Amino acid sequence: MKQYLLSIYQPDGPPPLPGALTTVIEEIARLIEEMKKSGAWVFNGGLHPPSTATVVRARGGETLMTDGPFAESKEHIGGFVIVQARELDAALEWARKLARILTLPGNDTGLAVEVRPFQSEA
């Protein structure tokens, strides 16, 4: 089976108030449990804000480390789920379920979920 990365993109700026996320957090926990029972779940996690990042880069034989995100952007990866599926359509179905959960009340457009397959090992 192939593995797929479901990346959750969220807008930069302060997150919603914790009370606004209660239902979302509960529904994500139920979805993760559903993924585990089906055998699709591999791993998931949430990330701290981009301001907590450290970028490491080699340049001219030196290793440089800088604080902050790699790039300035309007969105960043806030979390991810790795699933295994026989085909892309099955991974897209998990992403569809996740995207529906990531819509806050009063907002008809939810967070984006990007689906990307891992490269096959040679």
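The coordinates are above.
Source: prediction; values computed, not measured. Position labels on residues start from 1 in each chain and follow its written sequence. Totals for whole chains, interfaces and linings use all residues, but because this is a predicted model, local features are given only for residues with pLDDT of at least 70 and pairs of side-chain atoms are given and counted only at 80 or more. Side-chain numbers here rest on the full set of heavy atoms in the structure, without hydrogens or water.

A. Layout of the side chain of Ser7. Secondary structure elements follow DSSP: runs of H or I of four or more residues count as helices, runs of E of two or more count as strands, with numbering from the N terminus. As for its placement among the helices and strands, Ser7 is situated in strand β1 (residues 2–11). Burial classes follow relative accessibility: with a 1.4 Å probe on protein chains only, a residue under 20% of its type's maximum area counts as buried, one over 50% as exposed, and anything between as partly exposed. Accessibility expressed as a relative area gives 2% for Ser7, which makes it buried. Contact between two residues is taken to exist if any of their heavy atoms lie within 4.5 Å; hydrogens are not considered. If we ignore the near neighbours within four places in the chain, the residues touching Ser7 are Ile77, Gly79, Phe80, Ala112, Val113 and Glu114.

B. Main features of the sheet that holds strand β5 (residues 75–85). Any two strands between which DSSP finds at least two bridges are classified as paired. Pairing in this open sheet of 4 strands is antiparallel, and the strands run β2-β5-β1-β6 from one edge to the other. Looking at strand neighbours, the two that pair on one side only are β2 (41–46) and β6 (112–117), the edges of this open sheet. If you compare each strand with its neighbour and ignore which way they point, the axes differ by 20 degrees on average. Most of the contacts of helix α1 (residues 18–38) go to β2, to which it runs at about 160 degrees, and overall it touches β1, β2 and β5. Interaxial angles span 0 to 180 degrees and are taken between N-to-C directions of axes, which are lines fitted to C-alpha atoms, for helices over the stretch in contact.

C. The environment of Arg100, seen in detail. Inspection of the secondary structure puts Arg100 in helix α2 (residues 88–101). Through-space distance from the C-alpha of Arg100 to that of Leu111 is 8.7 Å; in sequence the pair is 11 residues apart.

D. Highlighting the packing of aromatic side chains. Only Phe, Tyr and Trp rings take part, Trp by its six-membered ring, and two of them pair if their centres are within 6.5 Å. Stacked means planes under 30 degrees apart, edge-to-face means over 60, and tilted covers everything else. Under the defined criterion, the tally for this structure stands at 1 aromatic pair. Note that Lys36 overlies the ring of Trp41, its terminal NZ or CZ placed 4.5 Å from the centroid. Only when the NZ atom of a Lys or the CZ atom of an Arg is both within 6 Å of the ring centre and within 35 degrees of the ring normal do we say a charge sits over the ring.

Structural measurements only, silent on function.
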